[in-house]
Amino acid sequence: MSDFSFIKTSVDEQVATIVLNRPKVLNALNRPMVTEIITAMEAFDKDEAVKVILLRGEGRAFAAGADIDEMANDGPIDFELLNPFAEWDKINFIKKPILCAAHGFVLGGGFELALACDMMFAAENTSFGFPEVTLGVMPGAGGTQRLTKLLGKTKALHWLWTGDKFSAKDALDYGIVNRLIAPELLQEETEAYARRLANQPPLSLRLIKEAVNKAVDHPLEEGMQLERKNFYLLFASEDQKEGMNAFLEKRRPNFKGK
Ligand code: DAK
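Quick caveat: nothing in here was measured; it's all calculated off a predicted structure.

A.B. asks: Can you break down the overall build of the protein residue by residue, with the values?
C.D. replies: What the protein contains, in helices and strands, is twelve helices and nine strands. The C-alpha radius of gyration computed for the protein amounts to 19 Å, which stays within 12% of the reference 18 Å derived for 258 residues, consistent with globular compactness. The C-alpha extent of the protein, read off along each of the three principal axes, is 65 × 45 × 40 Å. Expressed as a percentage of its 258 residues, the buried residues of the protein come to 43%. Counting only contacts in the protein whose residues sit at least 6 apart along the sequence, the fraction spanning at least 24 positions is 65%.

A.B. asks: Provide a residue-level description of the pairing of strand β3 (residues 52-57), including the pertinent values.
C.D. replies: Burial analysis of β3 places six of its six residues in the buried class, which makes it a mostly covered element. In terms of strand pairing, strand β2 (residues 15-20) meets β3 through six bridges, oriented parallel. Its bridge partner being in β3, I18 is matched across the sheet by L55. Handedness of the crossover joining β2 and β3 through helix α1 (residues 31-46) is recorded here as right-handed. Both β3 and strand β4 (residues 98-102) contribute to a ladder of four bridges, which runs parallel. From the neighbouring strand, L55 faces β4, where its bridge partner is C100.

A.B. asks: Could you give an account of the site of the ligand, naming the residues involved and the relevant values?
C.D. replies: In the vicinity of the ligand there are 24 residues, among which R60, A64, A66, I68 and G109 approach most closely. Between the ligand and the protein, one listed contact pairs a nitrogen atom with a backbone N or O atom of A64 at 2.9 Å. The fraction of the free accessible surface of the ligand (1100 Å²) that becomes covered by protein chains is 66%. Counting residues per element, the ones that place at least two in the shell around the ligand are α2 (68-71), α4 (85-89), β5 (105-107) and α5 (108-116).

A.B. asks: Account for the side chain of E242, with residues named and values stated.
C.D. replies: Summarising the element assignment, E242 is placed in helix α12 (residues 238-248). In contact with E242, not counting residues within four places along its chain, are R251, R252, P253 and N254.

A.B. asks: How would you explain the sheet that holds strand β6 (residues 119-123) if you had to name every residue and give the values?
C.D. replies: Taken together, six strands build an open sheet; the order of strands is β1-β2-β3-β4-β6-β9 and the sheet is mixed. Each end of this open sheet is capped by a strand with a single partner; those strands are β1 (7-12) and β9 (179-181). Strand-to-strand twist in this sheet, taken as the mean axis angle between neighbours without regard to direction, amounts to 20°. Most of the contacts of α1 go to β1, to which it runs at about 15°, and overall it touches β1, β2, β3 and β4. Against the sheet, helix α9 (residues 186-198) makes contact with β2, β3, β4, β6 and β9, and its axis sits at roughly 170° relative to β4, the strand it touches most.

A.B. asks: Pulling in residues and values, what's your account of the pattern of salt bridges?
C.D. replies: Under the definition given, this model contains twelve salt bridges. Note that R22 is salt-bridged to D67, the shortest N-O span being 2.9 Å. With R22 in the loop between β2 and α1 and D67 in the loop between β3 and α2, this pair connects stretches of sequence that are 45 residues apart. Via salt bridges that share partners, E242, E249 and R251 belong to a single interconnected network.

A.B. asks: Talk me through the packing of aromatic side chains; I want residue IDs and the actual numbers.
C.D. replies: Using the criterion set out here, one finds ten aromatic pairs in the structure. Ring centres of F111 and F130 lie 4.6 Å apart, and the angle between their planes is 20°; this geometry places the pair in the stacked category. Here the residue F111 occupies a position in helix α5, and F130 occupies one in the loop between β7 (127-129) and α6 (143-151), the gap between them amounting to 19 residues. Ring geometry for W159 against F166: centres 4.7 Å apart, planes inclined by 45°, an arrangement best described as tilted.

A.B. asks: So what about the nonpolar core? Which residues, and what values?
C.D. replies: Formed by 46 residues in total, the largest nonpolar core has its most connected members in L20, F111, M120, F128, L147 and I176. A per-element tally of this core places α1 first, with seven residues. Aside from chain neighbours lying at most four places away, what touches F128 is V106, L107, F111, M120, A122, D164, K165, F166, S167, A168, A171 and V177.

A.B. asks: Can you explain the side chain of K51? Please cite residues and give values.
C.D. replies: As for its placement among the helices and strands, K51 is situated in the loop between α1 and β3. E48 is the oppositely charged side chain nearest to the buried, salt-bridge-free K51, at an N-O distance of 6.4 Å. Within the local environment of K51, its side chain forms a polar contact with the backbone oxygen of E48, the two atoms lying 3.0 Å apart. Setting aside anything within four residues of it in sequence, one finds K51 in contact with Q14, K96, P97, A198 and P202.

Each value, and the rule that gives it
- Residues numbered from 1 in each chain as written.
- Predicted model: local features only at pLDDT ≥ 70, side-chain atom pairs only at ≥ 80, totals over all residues.
- Heavy atoms only, no water.
- Helix = DSSP H or I, 4+ residues; strand = E, 2+ residues; numbered from the N terminus.
- Rg over C-alpha atoms; globule rule 2.2 N^0.38 Å.
- Buried < 20%, exposed > 50% of the residue type's maximum accessible area, 1.4 Å probe, protein only.
- Contact = heavy atoms within 4.5 Å.
- Pairing = 2+ DSSP bridges.
- Right-handed = clockwise from strand over helix to strand, strands pointing away.
- Near = heavy atom within 4 Å.
- Polar contact = N/O pair within 3.5 Å; in protein donor to acceptor, adjacent residues only side chain to side chain.
- Areas by Shrake-Rupley, 256 points an atom, 1.4 Å probe, with all protein chains shown as cover.
- Axes fitted to C-alpha atoms, helices over the stretch in contact; angles between N-to-C directions.
- Salt bridge = Lys/Arg side-chain N within 4 Å of Asp/Glu carboxyl O.
- Phe/Tyr/Trp six-rings, centres within 6.5 Å; stacked < 30°, edge-to-face > 60°.
- Core = buried A, V, L, I, M, F, W, Y, C linked by side-chain atoms within 4.5 Å.
- Lys, Arg positive; Asp, Glu negative; His and termini not counted.

Distances and angles like these do not, on their own, reveal function.
Here's what the structure looks like:
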């Protein structure tokens, strides 16, 4: 995967990293860049050597939003014909854990991309926000929905209506961010966490992800049924036998993802 123009990718110790790489424009997300991110995610999702996907930004920001230059002259028919949301929707189908290391600015579409990840770690100096309202538009790639599910209606409306930026501390208090980290340690600590997940049994991670996502959007009974199905399924895995035998034999398990 070396043919990318707007991202960089690498794999180390079963952790695949995707780096947003348009630092001169604070990683503003143009359409080819979004396609590259999704292409890389889908390839890593199928790659047996990868257990966890990590997303971060080069330069001063994670991403300061969608590329305003690119969309300034767009009309609704352009969107209908280009169908750009189809690309974004594909993130929802990635089965492996996706971690986001956020820093600098996490705005607009950049915030929507970060919220589409499973967990977010943020540098203490990060600013979050949805400034779309100040441009005469509104978030369109899940921002109103994901923010409201996390914050509740009244807080979400405040940030979406004003377009104000909020701090990393606010993001932590709202449950948007898992942990705040000193900026110089963000990459190292997020990678360490990713490696920790990479050593967990991969089938458990993916079926837990599916069940937890079900809890966000569906009634309890439906979620419980999926949880039970996934629970049964894991007893068909070699890793279940290995994990339980290792416990009984008082040794460390060697998980294979099978
Ligand atoms: N788009 C294009 N260029 C951007 C950009 C953006 N979102 N954000 C920053 N840049 C560029 C700046 O124009 C500047 O370029 P030069 O002038 O150097 O050529 C360079 O990055 C550095 O930015 P600044 O000089 O402004 O840096 P400052 O530190 O002074 O300010 C800032 C940083 C983040 C406060 C400021 O750059 C800023 O306000 N940026 C815009 C933030 C914003 O409004 N973002 C929301 C965009 S709307 C969709 C999916 C999603 C979306 C839309 C459609 N589909 C699937 C259809 C999402 C929409 C949005 O995100």
